[in-house]
Amino acid sequence: MSESSAEVVADVASAAVAASAAGAAGGWRRATGIAGVAIGVVAAGAAAGVALERMTVGRGMRQKARLALDSAGPYGSLRGMPGKAFADDGTELYYEVDDLDPEAAPAIGPRRRRLFGRKAPAPVTVVFSHGYCLSQDSWHFQRAALRGVVRTVHWDQRSHGRSGRGVAQNRDDEPVTIEQLGRDLKAVIDAAVPEGPIVLVGHSMGGMTVMALADQYPELVRERVVGVAFVGTSSGRLGEVNYGLPVAGVNAVRRVLPGVLKALGQRAELVEKGRRATADLFAGIIKRYSFASRDVDPAVARFAERMIESTPIDVVAEYYPAFNDHDKTEALAYFADLPVLVLAGVQDLVTPSEHSEAIADLLPDAELVLVPDAGHLVMLEHPEVVTDRLADLLTRTGAVPAGATVKGYGSTSSTAQPG
């Protein structure tokens, strides 16, 4: 990113802080456009930074294109058996279960025989945890590929997707913590997977959630977890990430962003109007911080944009501080004796691949996969790679018999059709 772009970032952040001060004097309506820019950066999953793309198509045409992609895109349309779990503070957590398909038995291999006088063992369940400002639908391709082949659980983190807003945050004004997310995952497991072996899969914040689960419930990992996949995540030191910016730009944004977020979260309705008014800018920001390749299917890019747009601005604000406090490096030791997959995009600007390498260094028996030409949403950008490596992990854990074939997972190239 150029120095001039960094200056733009610093100027935007500074202007947003000025907007927060103006809010006290009733100037919020004039400031929401600038505020929307600042929040768009965070909503894309990055702490700061923006690369403004030149717009050559009329706004009306772009709006029509977005509507067309929304109506035609199949992504996020997969649904399973719904269920609800309740966190320790009463927050309602929504999950869906995709069960094994009895008709797929010949393709999967022989079922475990029922032993005389014994109940057949419970199948392996794969639990998917999504990232910041996303939802369970971010695993669309992997879910499509594994349907019927293995039992899976997909859930929405608190205040995301179809889950309820965090009770502790709304009622008691408590900050969100990664530790709380680990306890939320435990509640989902208790409700959706009360017995049997488990494979944990987490992307970005979801990977941090998995680490927090292990940190607080090591006996669960020891007794029931048979495999783990960390996708585009980090065990700590996120405060050092530069998001593709020169040092001056990063420092400028870091100085002002916490105050901006807190102020904007208190005026969510006005800021949401600003976000809608700057939808074109949002698209460019989200694409930069989600993908690295140039030929991502526009419908996939719009799908990611729609997930991020649906995260309320006050939720964006309340989650942000938790990442600087995140440090679960020691918790990785609980996974040392398990099959582990560590996968990341080489061009991830949000959780750089060096963070995945650091995780793999602490788990020397883990499989480390670095995907070239891939950004933060690697499971949407290169689904074939992620699905292939997940299938291999599931084979190693015994969740899927050797020789089993997962279904088509589609592609994100501009000429391919989704599977």
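Provided above is the structure to which this section pertains.
Residues numbered from 1 in each chain as written. Predicted model: local features only at pLDDT ≥ 70, side-chain atom pairs only at ≥ 80, totals over all residues. Heavy atoms only, no water.

1. What to know about the overall build of the protein
Logical step 1: Of regular secondary structure, the protein possesses 17 helices and eight strands.
Logical step 2: The contacts of the protein with a sequence gap of at least 6 include a subset with a gap of at least 24, amounting to 81%.
Logical step 3: Summed over its atoms, the accessible surface of the protein is roughly 17,600 Å², and 52% of this surface lies on carbon and sulfur atoms. (Helix = DSSP H or I, 4+ residues; strand = E, 2+ residues; numbered from the N terminus. Contact = heavy atoms within 4.5 Å. Areas by Shrake-Rupley, 256 points an atom, 1.4 Å probe, with all protein chains shown as cover.)

2. So, the environment of Val300
Logical step 1: Considering the arrangement of structural elements, one finds Val300 in helix α13 (residues 298-309).
Logical step 2: Sequence-wise, Val300 and Tyr75 are 225 residues apart; in three dimensions their C-alpha atoms are separated by 7.2 Å.

3. Here we look at helix α8 (residues 205-216)
Because each turn of an α-helix spans 3.6 residues, side chains separated by three or four positions end up pointing in the same direction.
Logical step 1: Between its terminal C-alpha atoms α8 stretches 17 Å, which fits the 16 Å expected from twelve residues at 1.5 Å a residue.
Logical step 2: Of the positions making up α8, those classed as buried are Met205, Gly206, Gly207, Met208, Thr209, Val210, Met211, Ala212, Leu213 and Ala214. (Expected span 1.5 Å × (residues − 1). Buried < 20%, exposed > 50% of the residue type's maximum accessible area, 1.4 Å probe, protein only.)

4. Focus on the pairing of strand β2 (residues 92-98)
Note on strand geometry: in a regular strand, side chains alternate between the two faces of the sheet.
Logical step 1: Across the seven residues of β2, six count as buried, placing the element largely inside the fold.
Logical step 2: Hairpin connection, strand β1 (residues 81-86) to β2: the antiparallel pair is bridged by five residues, and Gly90 has positive phi, about 95°.
Logical step 3: Summarising the sheet, β2 and strand β4 (residues 151-155) pair through four bridges and their orientation is antiparallel. Note that in β4 the partner of Tyr95 across the bridge is Trp155. (Pairing = 2+ DSSP bridges.)

5. Some points on unusual backbone geometry
Logical step 1: Although it is not a glycine, Asp173 sits at a positive phi angle of roughly 60°.
Logical step 2: Summarising the element assignment, Asp173 is placed in the loop between α6 (167-172) and α7 (178-192).
Logical step 3: At Asp373, a residue that is not glycine, the phi angle is positive and equals roughly 55°.
Logical step 4: With respect to the helices and strands, Asp373 occurs in the loop between β8 (367-371) and α16 (378-381).
Logical step 5: You can call Asp373 partly exposed: its relative accessible area is 33%.

6. Topic: empty space enclosed by the protein
Logical step 1: The final tally for this structure, using the stated rule, is two cavities of 30 Å³ or more.
Logical step 2: In this structure, the second largest cavity spans a volume of roughly 30 Å³.
Logical step 3: Around the second largest cavity, the lining residues are Gly76, Leu78, Gln136, Asp137, Trp139, His140 and Arg143.
Logical step 4: In terms of residue class, the lining of the second largest cavity is built from two nonpolar, three polar and two charged. (1 Å grid on protein atoms, 1.4 Å probe; cavity = no way out; pocket = protein on both sides within 12 Å on 5 of 7 lines; lining within 4 Å. Points joined across faces, edges and corners; volume = space filled by probe spheres on them. Nonpolar A, V, L, I, M, F, W, Y, C, P; charged D, E, K, R; others polar.)

7. So, the sheet that holds strand β6 (residues 225-231)
Logical step 1: Ordered by their spatial adjacency, eight strands build an open sheet running β1-β2-β4-β3-β5-β6-β7-β8, and the pairing between neighbours is mixed. The two strands at the open ends of the sheet, each matched to only one other strand, are β1 and β8. Averaged over neighbouring strand pairs, the angle between their axes works out to 20° when direction is ignored.
Logical step 2: Contacting β3 (125-129), β5 (198-203), β6, β7 (340-345) and β8, helix α17 (residues 383-397) runs over the sheet at an angle of about 175° to β7. (Axes fitted to C-alpha atoms, helices over the stretch in contact; angles between N-to-C directions.)

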